[in-house]
Amino acid sequence: MIATREIVTEARDGVLLARITRPEKKNALTVAMYAALAARLKEAETDPETRVLVLTGSGDSFTSGNDIADFLTAPPTGEDSPVFQFLTALQRFEKPLIAAVNGLAVGIGVTLLLHCDLVYARAGALLRLPFANLGLCPEAGSSVLLPQRIGHARAAELLLLGEPFSAEQALAWGLINGVGADAEATLELALAAAKRLAAQPQVAVRLTKALLKGPEAERVREAIARESRHFVELLRSSQARAALEGFAGQRPARP
Ligand code: COA
């Protein structure tokens, strides 16, 4: 089992709560954290005790996306890379998946929400997809899923311009299910929905999820593969490296 103290799980009454706990770095996701998340998803899929999975963050952030230092020193190279293993596990996960976005969500912190069945976010939480700003491109199937969910015009603003948007906007656009007054209330909304789902007949719940996702599943898998190839290539480009080094360089390494 791949263990990392930055992905903490807690099981209760058929609900597995997975919490990203690297608050000092705004829960930026490292290679080890992607590997742990992929492992947790795979275990949850086969564990009969887990009926629903809830994903949340810690501190003031859900996640600030991929760890920028990792992008520079240990970038993904192909489908075996932990980030793509995580995305595959996420996209194929057959049990209900609920996100409690307790705060800031950036990059994959937003695109992973497109694979969740229900999403709740804290009032005022900011979300952002700065891929193009960083010399990168959409991932996780977002080039297909985002315009499908919120329309091309808005998706273009978010993906081309990297415009930040709020939990309230996301709710108005139909991208998420509800807004909680604070992080605690947001998690409560997610856990209440999880509890209800865990109490329902599981065959019906999973079949309903499969039917909802089914018609698009192949197209999404193809999009993930297509985007990943471009993403891996762009990460090697001088423009992306300069943008990422710019972020990393603004913050000298701490002892
Ligand atoms: N990768 C690595 N470290 C990150 C990070 C990331 N994605 N996001 C935040 N951090 C680190 C910062 O370097 C800082 O570390 P330090 O205290 O050792 O200097 C710490 O987390 C706190 O972040 P800070 O930038 O000081 O907080 P903020 O509230 O001013 O800004 C963000 C928060 C998320 C807006 C800002 O950190 C940011 O833009 N991060 C990068 C997000 C990103 O581009 N992700 C990749 C998308 S593809």
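Residues numbered from 1 in each chain as written. Predicted model: local features only at pLDDT ≥ 70, side-chain atom pairs only at ≥ 80, totals over all residues. Heavy atoms only, no water.

## Things to note about the nonpolar core
- Counting 63 residues, the largest nonpolar core has Leu 53, Phe 86 and Leu 146 as its most contacted members.
- Looking at this core element by element, the count peaks at 7 residues for helix H1 (residues 31-46).
- Of all hydrophobic cores here, the second largest spans 14 residues; its members include Ala 100, Ala 190, Ala 193 and Ala 198. (Core = buried A, V, L, I, M, F, W, Y, C linked by side-chain atoms within 4.5 Å. Buried < 20%, exposed > 50% of the residue type's maximum accessible area, 1.4 Å probe, protein only. Helix = DSSP H or I, 4+ residues; strand = E, 2+ residues; numbered from the N terminus.)

## Focus on the pattern of salt bridges
- Applying the stated rule across the entire model yields 8 salt bridges.
- A salt bridge links Arg 40 to Glu 43; its shortest N-O distance comes to 3.2 Å. Of the two residues, Arg 40 and Glu 43 are both situated in helix H1; the distance of 3 residues between them amounts to about one turn of the helix. (Salt bridge = Lys/Arg side-chain N within 4 Å of Asp/Glu carboxyl O.)

## So, the sheet that holds strand E7 (residues 118-122)
- A sheet is described by the order of its strands in space; here 6 strands give the open sequence E1-E2-E3-E5-E7-E10, paired in mixed fashion. Pairing within the sheet leaves two strands with one partner each, and these edge strands are strand E1 (7-12) and strand E10 (178-180). When the angles between neighbouring strand axes are averaged without regard to direction, this sheet yields 20°.
- In the sheet, E1 pairs with strand E2 (residues 15-20) via 6 bridges, with the strands oriented antiparallel. (Pairing = 2+ DSSP bridges. Axes fitted to C-alpha atoms, helices over the stretch in contact; angles between N-to-C directions.)

## Focus on the pairing of E2
- Within E2, 5 of the 6 residues are buried, which leaves the element mostly enclosed by the surrounding structure.
- Taking the residues between adjacent antiparallel strands as the criterion, E1 and E2 are bridged by 2 residues, where Asp 13 takes a positive phi near 50°.

## Some details on the side chain of Asp 70
- When you line up the elements, Asp 70 lands in helix H2 (residues 68-73).
- Of the side chains bearing the opposite charge, Arg 22 lies closest to the buried Asp 70, which forms no salt bridge; the N-O distance is 6.8 Å.
- Residues within four places of Asp 70 in sequence aside, it is in contact with Thr 30, Val 31 and Pro 75. (Lys, Arg positive; Asp, Glu negative; His and termini not counted. Contact = heavy atoms within 4.5 Å.)

## Focus: the packing of aromatic side chains
- A full pass over the atoms with the stated rule returns 4 aromatic pairs.
- Here the aromatic rings of Phe 71 and Phe 231 are separated by 5.8 Å at their centres, their planes lie at 45°, and the arrangement is tilted. Of the two residues, Phe 71 sits in helix H2 while Phe 231 sits in helix H9 (residues 202-235), which places them 160 residues apart along the sequence. Accessibility assignment for this pair places Phe 71 and Phe 231 in one class, buried.
- Taking 6.2 Å as the distance between ring centres and 80° as the angle between the ring planes, the aromatic pair formed by Phe 131 and Phe 231 counts as edge-to-face. Note that Phe 131 is positioned in the loop between strand E8 (126-128) and helix H5 (142-150) and Phe 231 in helix H9, a separation of 100 residues in sequence. Summarising the burial analysis for this pair, Phe 131 and Phe 231 share the class buried.
- Among the aromatic residues, those joined into a ring-pair cluster are Phe 71, Phe 131 and Phe 231. (Phe/Tyr/Trp six-rings, centres within 6.5 Å; stacked < 30°, edge-to-face > 60°.)

## Examining the environment of Ala 11
- Tracing the backbone through its elements, the reader meets Ala 11 in strand E1.
- Look at Ala 11 and you get exposed, because its relative accessible area is 63%.
- Taking the C-alpha atoms as reference, Ala 11 lies 7.7 Å from Thr 50; in sequence the two are 39 residues apart.

Fair warning: the whole summary comes from geometry, so function is off the table for now.
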